[in-house]
Amino acid sequence: MGALRLGRRTTPVQDRVAELFEELREDVYHYLLTLGLNPPQAQEAAQEVFLRLYVTLRRNETVENPRAWIFRVAHNYGLKVRAREKALQPFDPDLEARLAASDLSPEMSAVERDRMVRFHRAVENLSEQQRRCLFLRMQGLRYPEIGEALGISASTVGEFMRRAIARLRRLSGE
Amino acid sequence: MNSREQGHLSDAVLLRYADGELPAGEAKRVRTHLASCWRCSTELAEIQQTIQKYVRYQEAVRQGHLPEPPAPWFDIYRKFGQIDEASPGPAWWRRLGGGLRALAGGPRRWVPATAVLAATLLVVNQLGNAPSVKAAELLRKAAAAEQAQPPGRRHIEFRTASATLTRVVGAQGSADWEAEAALATLRPLFEQAHYDWRDPLSAVSFARWRNSLAEKRDEVMTVRDRFVPGRKCYRIRTTTNSSVLVEAILNLTVAELRPVEGTMRFRDNQWVQMRELAAAEIPAPVAELPRRPAAPATVKPATTGEPASREIIEPATPAEELMVLAVLHELGADLGEPVEVSREGDRIAVSGYGVSPEIAARIQQQLAGVPGVVVRLGDAPAGTLDAGTSAGREAAVEVNPLQEAIVERLGGPTAFEQFSEGLLGINEELMARAYALHRLAQHFPPGKEAQLAPEDRRLLAKLRRDHAVPLAGLAAALEEQVRPALEGLGPAPGAAAGLPAASWQEATEVLVNTARRTDYLTAVLLGGAAPEKGVEETAAEALTATAQLRLQAAEYLRYAVE
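Residues numbered from 1 in each chain as written. Chains lettered and ligands numbered in written order. Predicted model: local features only at pLDDT ≥ 70, side-chain atom pairs only at ≥ 80, totals over all residues.

1. Section: the overall build of chain A
A tally of regular secondary structure across chain A gives eight helices and two strands. Listing each helix as α and each strand as β along chain A from the N terminus yields β-β-α-α-α-α-α-α-α-α. Sorting the 174 residues of chain A into buried and exposed places 46% on the buried side. Considering only contacts in chain A between residues 6 or more positions apart, those separated by 24 or more positions represent 60%. (Helix = DSSP H or I, 4+ residues; strand = E, 2+ residues; numbered from the N terminus. Buried ≥ 20, exposed ≤ 12 C-beta atoms within 10 Å, placed from the backbone. Contact = placed C-beta atoms within 7 Å.)

2. Some details on the overall build of chain B
Broken down by element type, chain B carries 20 helices and ten strands. Every one of the 562 residues in chain B was classed for burial, and the buried ones make up 38%.

3. Side note on the pairing of strand β6 (residues 259-266) of chain B
When a strand is regular, its side chains alternate between the sheet's two faces. Residues and elements named next belong to chain B. Across the eight residues that make up β6, a large majority, seven, are buried. Pairing of strand β5 (residues 245-253) with β6 involves seven bridges; the strand directions are antiparallel. In the strand pairing of β6, L252 is matched with P259. The turn joining β5 and β6, which pair antiparallel and follow one another in sequence, is formed by five residues; a positive phi near 55° is taken by L257. Here β6 runs beside strand β7 (residues 271-276); their pairing, made up of five bridges, is antiparallel. Counted as the bridge partner of T263 is Q273 from β7. Here β6 folds back onto β7 in antiparallel fashion, the turn holding four residues, of which N269 has a positive phi close to 70°. (Pairing = 2+ DSSP bridges.)

4. A word on the environment of A143 of chain B
Residue and element names in this part refer to chain B. Within the secondary structure, A143 is located in helix α9 (residues 135-148). The spacing of A143 and S202 is 59 residues in sequence and 7.9 Å in space, taken between C-alpha atoms. Excluding anything up to four places from it in sequence, A143 contacts A203, V204 and A207.

5. Concerning the sheet that holds β6 of chain B
Residues and elements named next belong to chain B. Spatial strand order, β2-β1-β7-β6-β5-β4-β3: seven strands in an open sheet with antiparallel pairing. Lying at the two open borders of the sheet, with one neighbouring strand each, are β2 (164-169) and β3 (217-224). Neighbour-to-neighbour, the strand axes of the sheet open up by a mean angle of 20°, direction not taken into account. Note: strand β4 (residues 232-239) against β5, seven bridges, orientation antiparallel. (Axes fitted to C-alpha atoms, helices over the stretch in contact; angles between N-to-C directions.)

6. Quick word on the packing of helix α16 (residues 413-443) of chain B against helix α19 (residues 504-525) of chain B
Residue and element names in this part refer to chain B. Interaxial distance between α16 and α19 falls to 9 Å at its minimum, and their mutual angle equals 155°. In terms of orientation, α16 lies roughly antiparallel with respect to α19. Between α16 and α19 lies a crossing of left-handed hand. Contacts between α16 and α19 involve L423, N427, L430, M431, A434, L437, H438 and A441 from the former and Q505, T508, E509, L511, V512, A515, D519 and T522 from the latter. (Parallel < 35°, antiparallel > 145°, perpendicular 65-115°, else oblique. Left-handed = near helix turned anticlockwise from the far one by under 90°.)

7. Digging into the packing of helix α6 (residues 128-138) of chain A against helix α7 (residues 143-150) of chain A
All names here are of chain A. Interaxial distance between α6 and α7 falls to 10 Å at its minimum, and their mutual angle equals 125°. For the element pair α6 / α7, the angle class is oblique. Our pair here, α6 against α7, has a crossing hand that is right-handed. Each of R132, C133, L136 and R137 in α6 lies in contact with α7, whose residues at this interface are I146, A149 and L150. Partitioned by chemical class, the residues of the contact of α6 with α7 number five nonpolar, no polar and two charged. (Nonpolar A, V, L, I, M, F, W, Y, C, P; charged D, E, K, R; others polar.)

8. Remarks on the pairing of β4 of chain B
Residue and element names in this part refer to chain B. Taken together, the eight bridges between β3 and β4 define a ladder with antiparallel strand orientation. Within β4, the position partnered with V220 by the bridge is I236. From the end of β4 to the start of β5, which pair antiparallel, there are five residues.

9. What about the interface of chain B and chain A?
Between chain B and chain A, the contact holds 50 residues from the first and 58 residues from the second. Of all the secondary structure elements, the ones that give two or more residues to the side of chain B that touches chain A are α2 (11-18), α4 (38-65), α5 (76-85), α7 (98-103), α16 and α18 (454-486) of chain B. The biggest single contributor to the side of chain B that touches chain A is α4 of chain B, with 13 residues. Among the residues making up the side of chain B that touches chain A, the classes are represented as 29 nonpolar, eleven polar and ten charged.

10. Let's talk about helix α8 (residues 154-171) of chain A
When the terminal C-alpha atoms of α8 of chain A are compared, their 25 Å separation across 18 residues agrees well with the 26 Å that a helix rising 1.5 Å per residue should span. Inspection of α8 of chain A places S155, T156, V157, G158, E159, F160, M161, R162, R163, A164, I165 and L168 of chain A among the buried residues, and these make up the whole buried set. (Expected span 1.5 Å × (residues − 1).)

11. A look at helix α12 (residues 203-211) of chain B
Residues of α12 of chain B that are buried include every one of A203, S205, F206, A207, W209 and R210 of chain B, and no others. At its buried positions, α12 of chain B is contacted by α9, β4, β5 and β6 of chain B.

12. So, the nonpolar core
One finds L32, V49, I70 and A74 of chain A to be the most contacted residues of the largest nonpolar core, which totals 139 residues. When residues of this core are sorted by domain, at least three fall in each of domain 1 (3-65) and domain 4 (397-560) of chain B. Dropping the residues within four chain positions of it, V49 of chain A is found in contact with V28, I70, V73, A74 and Y77 of chain A. Formed by 25 residues, the second largest nonpolar core is a distinct cluster that contains L139, M221, A248 and L250 of chain B. (Core = buried A, V, L, I, M, F, W, Y, C linked by C-beta atoms within 7 Å. Domains from an automatic or database assignment.)

13. Thoughts on unusual backbone geometry
Residue and element names in this part refer to chain B. Phi is positive for H194, close to 55°, though the residue is something other than glycine. Here the phi dihedral of L257 falls at roughly 55°; this positive angle occurs in a residue that is not glycine. The residue L257 is located in the loop between β5 and β6 in this model. Its 22 C-beta neighbours within 10 Å are what place L257 among the buried residues.

14. Section: the confidence of the model for chain B
Residue and element names in this part refer to chain B. On average, residues of chain B score 73 in pLDDT, and 76% of them reach the 70 mark or higher. Taken as a whole, residues 87-133 scores under 50 in pLDDT and shows 82 contacts with residues more than four places along the chain or in a different chain. This prediction of the complex comes with two scores: 0.41 for pTM and 0.85 for ipTM. (pLDDT = per-residue confidence, 0-100.)

Next up, the structure:
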């Protein structure tokens, strides 16, 4: 069974995990950055998450929704890494300035850039939980899956989502 | 389906609909409603616009604004090979390193005291950047302010184990004799403690008592005001063994150092809670004393700076009062905005300081010029104390053992931070909903509600429903957050009591009281308030109270219909 890769036989489980790794590693990396990990930590943690998935599947454990599983593990692991490190820097404190700078988004008009900066500030004003819910929703996770990833119930996710959207509407109001 | 009959859809429902999270039946109902309701379909479009903006923002952030991974991604097949080579079981498991073992749920780490302290400071910061000024210094300033400008006539609500009463203090010689009589049992205790009975909610009285103590311990922290959204208070707590009054808590507003809330606990476990009533609350009859007739509005209409009154203004009717509340609800000004609605003689006053400019402008637009309605919205009074200058590190922030147990239970300060953030958010909104319901109940006691026309009663029921539905969800969320953190720390929680009530007003009172209790217990869990009891008892009590709130909030839904 399994495909041949560089002369070695691979298993379906390996192919499945490798596929997910290709598809999601950037998203997971991005998520870990937003948790406050620095780029090398975030990359290392992202890689470990997929190895952990491999180990789990290899033990014949069922993972019903690998996407939700991956973000849940990334979330927990990211928090552990963050707790271990003493001085964590936000990944890019100058993001606002860079969003505002014309050379980095030449396709945007000045008005659009203004809006983007305002929106950025509004997002920064959300609570960490609210930001996580939005981010995971954007990754295609449904409320129960987000809840599973963050260790809260789906109804609580709904509540965070509602408050996040209401705040964004208010704070970024045009 | 007619949108007028059904009322409008809440943003929670609209967002769930947009996200495909509603059950099929409800989604169909929403779809039908949207087809007939411009307002809700516009609201939905705005929610979707916000989602689009968020997606565009995330994409823009990712394109060129986020750091690339610093190294090439590893060859995952090679790693698979390494894992496979190691024999399955503990050997390769160990190779995966501590991080992965932790993921698998290894034994909980011992949490060093410094980490707990860090978590505590963080919570205090979340409660409002603890300025941590010393109790004596704060009291000295507050007492000086009080003596320079006596607060004048104030309505103070007293709550004891058996009664809730309003007492007028500060007026020359005036006293509410009914209240005096009911509180008489406490008077000897105050006197024995050398605590001024005539005006207990006072920095001067508190400072005098505190200064007389041979031995005492103080705590100071910054907390959110439980009754006025957006207001922050310094909370001074002094405990002693050298007085019959063993614990006293005084909340001073950060802006003016005005005492607005206090709790006194005596040696025999008798206690009294006091708080200053806002103008909007004064005319309302006290729910626990139904025999007492509603007090007539005594506050004279303020005339300065208002247009000269037109001809003769008809006294505002209950229906008009309801209209004002409904407009504020439409504008979202009944949640978390310091807007008060009160009767001033024949008129209805809408007042507040520090209301967000956008909301204030919309209130002006909607209500100014309506006959019988006075709108007075201003900026927040300037602070008299620069919180930033005080020496924050000197604060004696205590790590309460309950909090320590929770940090350990949750697996460390980071998890605790997450827990506290979630809890604070839920609690804040829950209390805003509870107070919005409380306001409705106070504005419309049964007698006054009976004067309303049927369609107005329906409107009032809709306003109730709009708060009761999210409140039920929030209460469930609160319990879900609290349970895993506390279960097993203490004895099994007691049975949750339901919501027996003859009217929705009475049910609201019970519900709000339970919410106040969970609010206090939430503060205790997060280190923002001192526990009254030991770890086990407080944990069990918090579990009982949150379960009770969830049950009552669910039961309350049946009162949220006409």
